[in-house]
Amino acid sequence: MTVPLVYFLLIRKSEIPNTTVIPVMVIGLLIGSYFLPQQSQTYLSIFKTWALPVIEISILTFVVIKVRSAIRKYKGLKGTTPDFFNAIKSICYEILPKKLVLPFSTEVAVFYYGFINWKKKETKDNEFTYHKKSGTPALFYVFILIIAVETIAIHFLLTRLSFIAAWILTALSIYTAIQIFGFAKSLTQRPISINQNSLTLKYGILNEVEIPFSDIDKVELSRKSLGKNELTKTLSPLGELESHNVIIYLKKENELVGLYGMKKRFNLLGLHIDEPKEFNERMENALQQCI
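Residues numbered from 1 in each chain as written. Predicted model: local features only at pLDDT ≥ 70, side-chain atom pairs only at ≥ 80, totals over all residues. Heavy atoms only, no water.

K.L.:
Would you take a moment to explain the packing of aromatic side chains for this structure?
P.N.:
To describe a pair of aromatic rings, you give the distance between the ring centres and the angle between the ring planes. Going through the model one piece at a time under the given rule, you end up with 11 aromatic pairs. Ring centres of Y130 and Y203 lie 5.5 Å apart, and the angle between their planes is 20°; on these two criteria the pair is classed as stacked. Here the residue Y130 occupies a position in the loop between β1 (127–128) and α6 (136–159), and Y203 occupies one in strand β3 (residues 198–203), the gap between them amounting to 73 residues. The two residues Y130 and Y203 agree in class, both being buried. Their ring planes at 45° and their centres at 6.3 Å tell us that Y141 and F181 sit as a pair that is tilted. In this pair, Y141 sits in helix α6 while F181 sits in helix α7 (residues 163–186), placing the two residues 40 residues apart along the sequence. By relative accessible area, which is 36% here, Y141 ends up partly exposed. Among the aromatic side chains, those forming a connected cluster through ring pairs are F111, F115, W118, Y141 and F181. (Phe/Tyr/Trp six-rings, centres within 6.5 Å; stacked < 30°, edge-to-face > 60°. Helix = DSSP H or I, 4+ residues; strand = E, 2+ residues; numbered from the N terminus. Buried < 20%, exposed > 50% of the residue type's maximum accessible area, 1.4 Å probe, protein only.)

K.L.:
Help me understand the pattern of salt bridges, please; the structure alone is not making it clear to me.
P.N.:
Any two side chains of opposite charge can pair, on the condition that their charged atoms come close. This model, assessed by the stated rule, comprises 11 salt bridges. In this structure, the salt-bridge partner of K202 is D83, at a minimum N-O distance of 3.3 Å. Residue K202 is located in strand β3, and its partner D83 is located in the loop between α3 (42–76) and α4 (84–95); the two are separated by 119 residues in the primary sequence. A residue is classified by how much of its surface remains accessible, and K202, at 11% relative accessible area, is buried. Across the pair K252 and D215 runs a salt bridge whose closest N-O atoms are separated by 3.8 Å. Within this pair, whereas K252 is found in strand β7 (residues 246–257), its partner D215 is found in the loop between β4 (207–212) and β5 (216–221), the two being separated by 37 residues in sequence. (Salt bridge = Lys/Arg side-chain N within 4 Å of Asp/Glu carboxyl O.)

K.L.:
I'm lost on helix α2 (residues 21–35) in this one. Help?
P.N.:
Look at α2: 21 Å from first C-alpha to last across 15 residues, which is about the 21 Å you get at 1.5 Å a residue. By the burial criterion, the buried members of α2 are V21, M25, L29 and G32. Taken around the axis of α2, the buried residues stretch over an arc of 85°, which confines them to a single face. Along α2, the residues that are exposed and aim more than 90 degrees away from the buried face are L30, Y34 and F35. (Expected span 1.5 Å × (residues − 1). Arc of directions from axis to C-beta.)

Read these as spatial facts, not as claims about activity.
This is the structure:
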């Protein structure tokens, strides 16, 4: 109890979230369980039996309340659509160290979009889909099928050498398939939107960027090759595996935020839109009004 208390006194006026006291306490518990003799672990046993479950339930309750509060806040904002991924990120910034926010929120979002949120997304007038006329969802499901076939074959081969290694590999393969399934489902829930002063581009939970209209030079309907350039990117992380029908040219560099917070700089971006002509018309009107 002393070390977490001292840690709390040291960070309470800093930018480090106070909730990081909990992992410090848990680390102390693990170290004590490993180094202390069994006969000297009376207080540790009491802590594990009574305090630890209370802490776990409190954390879960806190996260659920925060997520519900964030979603209500998004619903109350005019012209916005509740977005679970944005909500969970805003909550995580309050309770986790900054470097852990995107990895943790991405993992939670994978399970949310894959297994919880199956409700059909109704797009608004300013929103555009990119998955209905694209082969990407089917490609993701093919990846899952390939993983399943290879996992079964390799599992039986590895079982002859190492039973433990076979099941470790199988578990990792299942987890990978779950992630890909979550990525595929997220494409249907996070549309591209033209806002009042900016363009928000999303590719499920895999890539996203908000570009101010002032940074956009022009929008072109084209399927031509983008060429190879350090600042030329595609919204889809699959790159050339998915064709594009819209190219956005920027006046200055912007930053594409990818999976687990990975960032890429770009000034030219290719993407697929299900209704490219309507998107282009809306963008032309928006850019003219911005001048």
